[in-house]
Amino acid sequence: QVQLVESGGGLVQAGGSLRLSCAASGRAESSYAMGWFRQAPGKEREFVARISRNGGWPYYADSVKGRFTISRDNAKNTVYLQMNSLKPEDTAVYYCAARSELGVSTVPSGYDYWGQGTQVTVSS
């Protein structure tokens, strides 16, 4: 029903910035609340940020608050994650996800569709 494709990952030095994009196809992206998660080697997938269906009420994990910004452009069916002041501990595969139900969620089980992930590596 919905296909999500992340892009924008790469290698960056500590203190640098990256902007991740998540393009949706199929069902309109505006029908879903969206979230970003990440998974580092040997660790479980963890919540990073979420945003409502209309682009309101952004919410962040404490570990990225003040450094990352989630936004969306429904006309382009795209969600973004602007990452500033990157730290080595931000290194992970980043995934975008879509939630089909009403409300919001900060856990992977609250989301119905997932992208393939994009690698972010932050060097010290």
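Relevant structure appears above.
Conventions used here
- Residues numbered from 1 in each chain as written.
- Predicted model: local features only at pLDDT ≥ 70, side-chain atom pairs only at ≥ 80, totals over all residues.
- Heavy atoms only, no water.
- Core = buried A, V, L, I, M, F, W, Y, C linked by side-chain atoms within 4.5 Å.
- Buried < 20%, exposed > 50% of the residue type's maximum accessible area, 1.4 Å probe, protein only.
- Helix = DSSP H or I, 4+ residues; strand = E, 2+ residues; numbered from the N terminus.
- Contact = heavy atoms within 4.5 Å.
- Pairing = 2+ DSSP bridges.
- Axes fitted to C-alpha atoms, helices over the stretch in contact; angles between N-to-C directions.
- Phe/Tyr/Trp six-rings, centres within 6.5 Å; stacked < 30°, edge-to-face > 60°.
- Lys NZ or Arg CZ within 6 Å of the ring centre and 35° of its normal.

**Q** So what's going on with the nonpolar core? Which residues, and what values?
**A** Ranked by internal contacts, the top residues of the largest apolar core, which has 34 residues, are Leu4, Trp36, Leu81, Met83 and Tyr94. Here this core gets five residues from one element, more than from any other, and that element is strand S9 (residues 92-99). Beyond its immediate chain neighbours, meaning those up to four positions away, Met83 contacts Gly16, Ser17, Leu18, Leu20, Arg67, Phe68, Tyr94 and Val120.

**Q** For the sheet that holds strand S1 (residues 2-7), give the residues involved together with the corresponding values.
**A** Sheet strands line up and pair through hydrogen bonds in the backbone, either parallel or antiparallel. The strand order across the open sheet formed by four strands is S1-S3-S8-S7, and the pairing between neighbours is antiparallel. Of all strands in the sheet, those bounded by a partner on one side alone are S1 and strand S7 (68-73). Within this sheet the neighbouring strands show an average axis-to-axis angle of 15°, counted without direction. Two strands pair when backbone bridges link them, and S7 and strand S8 (residues 78-83) are joined in this way by six bridges, in the antiparallel orientation. Bridge pairing in S8 links Ile70 to Leu81.

**Q** Before we move on, could you go through the packing of aromatic side chains and cite the residues and values that matter?
**A** To describe a pair of aromatic rings, you give the distance between the ring centres and the angle between the ring planes. By the definition in use, this model includes seven aromatic pairs. Where Phe37 meets Trp114, the ring centres are 5.2 Å apart and the plane angle is 55°; that geometry is what we call tilted. Taken together, the positions of Phe37 in strand S4 (residues 33-39) and Trp114 in strand S10 (residues 113-114) put the pair 77 residues apart, joining distant regions of the chain. With a relative accessible area of 0%, Phe37 lands in the buried category. The interplanar angle of 65° and the centroid separation of 6.3 Å between the aromatic rings of Tyr111 and Trp114 together place this pair among those described as edge-to-face. Judged by its relative accessible area of 6%, Tyr111 is buried. Aromatic ring contacts, followed pair by pair, group Phe37, Phe47, Trp57, Tyr59, Tyr111 and Trp114 into a single cluster. Directly above the ring of Tyr95 sits Arg45, whose terminal nitrogen or CZ lies 3.8 Å from the centroid.

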